[in-house]
Every structure is written in structure tokens, then in C-alpha cells.
Amino acid sequence: MNVKERAMRAPTIELRDVVKVYGSGPAGVRALDRVSLAVAPGEFVAISGPSASGKSTLLHLAGGLDGPTSGTVTVGGEDLAHLRPAELARVRRRQVGYVFQRYNLVASLTAVENVMLPLEFGGMPTRQARGAAVAAIERVGISRPFDRFPDDLSGGERQRVAIARAIAGDRDAILADEPTGALDTITGDLVIELLAELAAAGTSIVLVTHEPRFATWADRVVFMRDGRIVDESVAAAPPSPPAEPPVEVLSP
Ligand code: ADP
Ligand code: MG
């Protein structure tokens, strides 16, 4: 999706003047201090900044896992503060997907069952959830992990299953918090490349990362410090793929 097409569509996720204070009184921590950020459909935003600058807090709020102290968070045009609990649960399970540094896969469930889990929690019938899970796993480019358990997968494969879980059921946005933190450089690059492909196909991506090189894949890099957005740079050129995509590392 090009810049002009994106600009014509409403943001997938929007934070407006968001403040988040943990605790209260003198011990309170102002994790976000009047943060505003809009992520367009198909846009790939990378968030960078030092530890404790509020990056994870921003993702939690963007996905409705926690609410702001003040300001508004909208997903798909809906103000999350105005949603009933069941509607908020639907946003968390069907519209926005999470990818964490530690894959958070359930060890006793196979890859396909892990991907099905949130869909079934979200009320999707088992048969349909299985179909959506298989489609999502195929999209992340793993050949046949369907009935393997997380312990039998490589780190890169596990993170791809986690991404499949995050996109299953055609979600509008993926929020990824340092998803390459536990991966080697080559495998990490493949994960980011996959996120870029998903963005190109219309999914909004918000990536928290310490790795400056990932900026080349993002449409925009947002820098945070002390709970504030201090700088934004818009990529001058479209993201380019790495010189030699080493696809073979994903083979079992
Ligand atoms: P980052 O992801 O950039 O490292 P975080 O969003 O995790 O930053 O944290 C921002 C600030 O908020 C830090 O000072 C952190 O200690 C504090 N913080 C984060 N989560 C909580 C919490 N659940 N309770 C209290 N303080 C928190
Ligand atoms: Mg963090």
C-alpha cells in the first residue's frame, strides 16, 4: 500500500494525548506523558528508545491490555474506553495480535493448536479456527509445523508460529514487542521481513525494537524517551529486502 492510499484511510490504531501513570502519589511512575500516535492501515511503525522509556506501555495501551490514565486510544475508530468488557475482549482477540520476545506458546499444544487458541476463545467454531490457523501458518512460511510441539521447533519457527497466532483470523494490526530479542541476526531479519510483507498486504505493524537496522524495513521510526515521543523519521525510500534472503535456515 503506498503512502497516498494509506493517508486516505482512517488509522487502525490511534493514541491521542495519552498519559499513563502507574501507582499514585509521589511513588507514581509517569510511563507515558501525552503521547499521540496514529498508525495507518498497512503502515509499519518501528518504536525505538532506551529501556523504561514507555515502549511496552504504549503497546499494551494500543492493544487494549490496559487503559490510559487520560487521553484516548481508538482501534478501528472505536474508543476503547467506551467499549463493554465483551467488546474489548473481541478487540484483543480478533482485531489486534501480539508478538512478544518470549514466544508465549503453550508447550502442551501443537503449533496449529496454539494458533487456534485465541480464535476459539474469541468464539470461533473449532473447524473454522483450524482452517484460519492453517492459513496463517502457511502465510508465515513454515512448511509443516502443524502438529509439532513448540519444543520441537527452532527459535525462528517458534517466533513464526507466534506471528501466525497474531495474524490468524485476519487481524488489522500486529503489536510486536522486541520479537527478535531471543533470535540470531539472520533469523531475526527474516521475522522482520515477514512483518514487512504483512504490512505490504495491509496489516498495520507496530514494532518495538532496539535494533537500528530494522528501521530500513519500517515506513516510520518513532523514538521515545521518558514517556514521550521525541523524534519521528519517515523513511525516504521504500523498504528494501536484505541482499541474500537465507531461506534455508528455517528448514528443520
Ligand atoms: P520500555 O518498554 O521502554 O522498557 P516500559 O513501558 O516497560 O518501558 O516502562 C516504562 C516505565 O513504567 C518504567 O519506569 C517502568 O518501570 C514502569 N512500569 C511499567 N510497567 C509497570 C507496572 N505494571 N507497574 C509499575 N510501573 C511500571
Ligand atoms: Mg519493554
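What you see is a predicted model; the values in this text were computed from it and never measured.

A. Quick look at the overall build of the chain. Each helix and strand counted, the chain has seven helices and ten strands in total. Counting across all 252 residues of the chain, residues that qualify as buried make up 48%. Counting every atom, the chain has about 12000 Å² of accessible surface; 53% of that belongs to carbon and sulfur.

B. Quick look at helix α4 (residues 111-121). For α4, the set of buried residues is Ala 111, Val 112, Asn 114, Val 115, Met 116, Pro 118 and Leu 119. Looking one or two places after α4, you find Gly 123, whose phi comes out positive at around 100°.

C. Just the site of ligand 1, in detail. Lining the immediate environment of ligand 1, one finds Tyr 22, Val 29, Ala 31, Pro 50, Ser 51, Ala 52, Ser 53, Gly 54, Lys 55, Ser 56 and Thr 57. Here an oxygen atom of ligand 1 sits 2.8 Å away from a polar atom, N or O, in the side chain of Lys 55. Coverage of ligand 1 by the protein chains reaches 59% of its 560 Å² of free accessible surface. Ranked by residue count, the leading element in the shell around ligand 1 is helix α2 (residues 55-62), at three residues. Its residues assigned to classes, the shell around ligand 1 shows five nonpolar, five polar and one charged.

D. Quick look at the pairing of strand β1 (residues 13-22). Taken together, the seven bridges between β1 and strand β2 (residues 29-39) define a ladder with antiparallel strand orientation. If you follow Glu 14 over to β2, its bridge partner there is Ala 38. With antiparallel pairing between neighbouring strands as the criterion, β1 and β2 make up a hairpin whose turn holds six residues, including Gly 23 at a positive phi of roughly 75°. Bridging between β1 and strand β4 (residues 70-75) involves five bridges; their strand directions are antiparallel. Across the sheet, the residue bridging to Val 19 is Ser 70, located in β4.

E. Looking closely at the packing of α4 against helix α6 (residues 155-167). Two elements in contact, α4 and α6, have axes whose closest approach is 8 Å; the angle formed by their N-to-C orientations is 30°. What the angle tells us is that α4 and α6 run roughly parallel. In the crossing of α4 with α6, the sense of the turn from one axis to the other is right-handed. Side by side, α4 and α6 meet where Ala 111, Asn 114, Val 115 and Pro 118 of the first sit next to Val 161, Ala 164 and Arg 165 of the second. Among the residues forming the contact of α4 with α6, the class breakdown is five nonpolar, one polar and one charged.

F. Structural view of the packing of aromatic side chains. In this structure the tally under the stated criterion is two aromatic pairs. An angle of 5° between the planes, with centres 5.4 Å apart, marks the rings of Tyr 98 and Phe 100 as stacked. By relative accessible area, Tyr 98 is classed as buried at 13%. On the basis of an interplanar angle of 50° and a centroid distance of 5.9 Å, the ring pair of Phe 214 and Trp 217 is categorised as tilted. The exposure class assigned to Phe 214 is buried, which follows from its relative accessible area of 1%.

G. Local environment of the sheet that holds strand β5 (residues 78-79). Reading across the sheet, the four strands line up as β2-β1-β4-β5 and stay open at both edges, with antiparallel pairing between neighbours. The sheet is open, and its two edges are formed by β2 and β5, each paired on a single side. Bridge analysis of β4 against β5 gives two bridges, and the strand direction is antiparallel. Across the sheet, residue Thr 74 finds its bridge partner in β5, namely Asp 79. Against the sheet, α2 contacts β1, β2 and β4, and its axis sits at roughly 120° relative to β1.

H. Region of the structure containing the nonpolar core. Judged by nonpolar contacts, the single largest core of 43 residues is most densely connected at Phe 44, Val 115, Ile 163, Ile 174, Leu 195 and Leu 198. Residue assignment for this core shows that the elements contributing at least two residues are β3 (44-48), α4, α5 (126-139), α6, β7 (173-177), α7 (185-200) and β8 (204-208). Ignoring anything within four residues of it in the chain, the contact list for Val 115 reads Ala 133, Ala 136, Ile 137, Val 161, Ala 164, Arg 165 and Ala 168. With 27 residues, the next largest nonpolar core counts Val 35, Ala 62, Val 75 and Val 91 among its residues.

Thresholds applied
- Residues numbered from 1 in each chain as written.
- Chains lettered and ligands numbered in written order.
- Predicted model: local features only at pLDDT ≥ 70, side-chain atom pairs only at ≥ 80, totals over all residues.
- Heavy atoms only, no water.
- Helix = DSSP H or I, 4+ residues; strand = E, 2+ residues; numbered from the N terminus.
- Buried < 20%, exposed > 50% of the residue type's maximum accessible area, 1.4 Å probe, protein only.
- Areas by Shrake-Rupley, 256 points an atom, 1.4 Å probe, with all protein chains shown as cover.
- Near = heavy atom within 4 Å.
- Polar contact = N/O pair within 3.5 Å; in protein donor to acceptor, adjacent residues only side chain to side chain.
- Nonpolar A, V, L, I, M, F, W, Y, C, P; charged D, E, K, R; others polar.
- Pairing = 2+ DSSP bridges.
- Axes fitted to C-alpha atoms, helices over the stretch in contact; angles between N-to-C directions.
- Parallel < 35°, antiparallel > 145°, perpendicular 65-115°, else oblique.
- Left-handed = near helix turned anticlockwise from the far one by under 90°.
- Contact = heavy atoms within 4.5 Å.
- Phe/Tyr/Trp six-rings, centres within 6.5 Å; stacked < 30°, edge-to-face > 60°.
- Core = buried A, V, L, I, M, F, W, Y, C linked by side-chain atoms within 4.5 Å.

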